[in-house]
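Here are the chains, one letter per residue:
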Amino acid sequence: MTRHTVALDSALSGYLFDIAVAEHPVQRELREFTAGHRLAKMQISPDQGQFMAWLARLIGARRYLEIGVFTGYSALTVALAMPEDGEVVACDVSEAFTAIARDYWAKAGVAGRIDLRLQPALNTLRQLLDDGQAGRFDLAFIDADKPSYRDYYEACLELVRPGGVIAIDNIFLSGRVVEPKPEDPPGVHLVHAFNASLKADPRVHMCVLPIGDGLTLCTRR
């Protein structure tokens with residue numbers, strides 16, 4: 001028995017991809033296109049995408065809230081996993097990045113399911129709450145600017161239904177959260193404190209998966 005997850009070297013990572021990842025052709029095309037982008041590290045890994053699609057199907061998600069879109073791989077992945085009447089509300093501020101996303105969403109035939117809101121995400125979250133959308137989402141994914149994680153999480157707790165899931169990405173920050181240094185960016189210290197707070201949050205059941213750069217899952221009680 002061990003308390004450590006097996007480390008993935010390149011061979012085992014390749015094996016994991018071979019046995020676990022089944023992508024739509026447009027997913028693969030978008031992932032490969034984004035791999036050449038200067039900010040490619042912002043894209044979730046394909047095994048994480050596979051997990052998110054599985055999770056969406058498991059909980060019967062019909063409404064999905066995404067905070068941080070980049071070139072659209074995660075939104076595409078979940079949209080493909082939902083039924084035809086599923087709805088994605090996607091929040092981002094970059095017209096350039098999301099223009100790529102729009103092209104691939106259209107190519108995969110899911111553009112009609114995705115409502116892209118191009119403005120600061122907190123503005124969109126407040127608008128959703130003002131519009132009576134509290135408790136109307138099944139799944140939320142937080143993958144945007146780290147200093148705002150706490151605010152995004154609090155809004156998602158209102159927007160996600162009881163039993164719904166909030167997934168929070170990049171909670172490891174490549175290991176920098178273990179012992180933040182004084183010279184680290186404020187986001188590292190904020191994520192460190194945020195991570196520590198979730199274990200005792202009575203409003204959720206939570207677990208952390210060592211997938212990608214760390215993924216926390218919270219089920220609203």
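The coordinates are above.
Residues numbered from 1 in each chain as written. Predicted model: local features only at pLDDT ≥ 70, side-chain atom pairs only at ≥ 80, totals over all residues. Heavy atoms only, no water.

To continue, consider the overall build of the protein chain. The helix and strand inventory of the protein chain stands at 8 helices and 7 strands. A globule of 221 residues ought to have a C-alpha radius of gyration of about 17 Å, and the protein chain, at 17 Å, matches this closely. Referenced to the eigenvectors of the C-alpha coordinate spread, the extents of the protein chain come out at roughly 45 × 45 × 35 Å. Buried positions account for 47% of the 221 residues belonging to the protein chain. Within the protein chain, counting contacts between residues at least 6 apart in sequence, those at least 24 apart form 69% of the total. Distance from the positive charge centre (23 side chains) to the negative charge centre (28 side chains) of the protein chain: 3 Å. (Helix = DSSP H or I, 4+ residues; strand = E, 2+ residues; numbered from the N terminus. Rg over C-alpha atoms; globule rule 2.2 N^0.38 Å. Buried < 20%, exposed > 50% of the residue type's maximum accessible area, 1.4 Å probe, protein only. Contact = heavy atoms within 4.5 Å. Lys, Arg positive; Asp, Glu negative; His and termini not counted. Charge placed at Lys NZ, Arg CZ, Asp CG, Glu CD.)

According to the stated counting rule, one finds 0 disulfides in the structure shown. Distance from the sulfur of Cys-156, which forms no disulfide, to the nearest cysteine sulfur (Cys-91) is 8.3 Å. Overall, the relative accessible area of 0% leaves Cys-156 in the buried class. Counting only cysteine sulfurs, Cys-207 is the nearest neighbor of Cys-218, a cysteine outside any disulfide, at a range of 8.2 Å. (Disulfide = S-S within 2.5 Å.)

The terminal C-alpha atoms of helix α3 (residues 46–58), which comprises 13 residues, lie 18 Å apart, in line with the 18 Å expected from a rise of 1.5 Å per residue. Directly after α3, the chain includes Gly-60, whose backbone phi takes a positive value near 65°. (Expected span 1.5 Å × (residues − 1).)

Once that is clear, we can look at the sheet that holds strand β4 (residues 137–142). With respect to topology, 7 strands assemble into an open sheet ordered β3-β2-β1-β4-β5-β7-β6, the strand pairing being mixed. Each edge of the open sheet carries a strand with a single partner, namely β3 (114–118) and β6 (204–209). On average, each strand axis in the sheet is tilted by 15° relative to the strand beside it, whichever way the strands run. Note that β4 and strand β5 (residues 160–169) share 5 bridges and pair parallel. Bridged to Phe-137 within β5 is Val-160. (Pairing = 2+ DSSP bridges. Axes fitted to C-alpha atoms, helices over the stretch in contact; angles between N-to-C directions.)

Moving on: the nonpolar core. Membership of the largest hydrophobic core comes to 35 residues, with the highest contact counts inside it found for Tyr-64, Trp-105 and Leu-139. When residues in this core are grouped by element, the largest group, 6 residues, is from helix α4 (residues 73–81). The residues contacting Tyr-64, other than those within four sequence positions of it, are Met-52, Ser-74, Ala-75, Val-78, Met-82, Glu-87, Val-88, Val-89, Phe-137, Leu-139, Ala-140 and Phe-141. Ala-121, Ala-140, Ile-142 and Cys-218 belong to the second largest nonpolar core, which has 26 residues in total. (Core = buried A, V, L, I, M, F, W, Y, C linked by side-chain atoms within 4.5 Å.)

All told, the structure shown has 5 aromatic pairs when counted by the stated rule. Between Tyr-149 and Phe-194 the ring centres are 6.2 Å apart and the planes differ by 80°, which places this aromatic pair in the edge-to-face class. One end of the pair, Tyr-149, is in helix α7 (residues 149–159); the other, Phe-194, is in helix α8 (residues 186–198), and 45 residues separate them in sequence. Each member of the pair, Tyr-149 together with Phe-194, is buried. For the ring pair Tyr-153 and Phe-194, a centre distance of 5.4 Å and an interplane angle of 70° mean the geometry is edge-to-face. One end of the pair, Tyr-153, is in helix α7; the other, Phe-194, is in helix α8, and 41 residues separate them in sequence. For the pair shown, Tyr-153 and Phe-194 are each scored as buried. Taking the ring centre of Phe-137 as reference, the NZ or CZ of Arg-63 above it sits at 4.2 Å. (Phe/Tyr/Trp six-rings, centres within 6.5 Å; stacked < 30°, edge-to-face > 60°. Lys NZ or Arg CZ within 6 Å of the ring centre and 35° of its normal.)

Mapped onto the elements, His-37 comes out in the loop between α2 (25–34) and α3. A relative accessible area of 19% means that His-37 is categorised as buried. If sequence neighbours within four positions are ignored, His-37 has contacts with Phe-70 and Phe-97.

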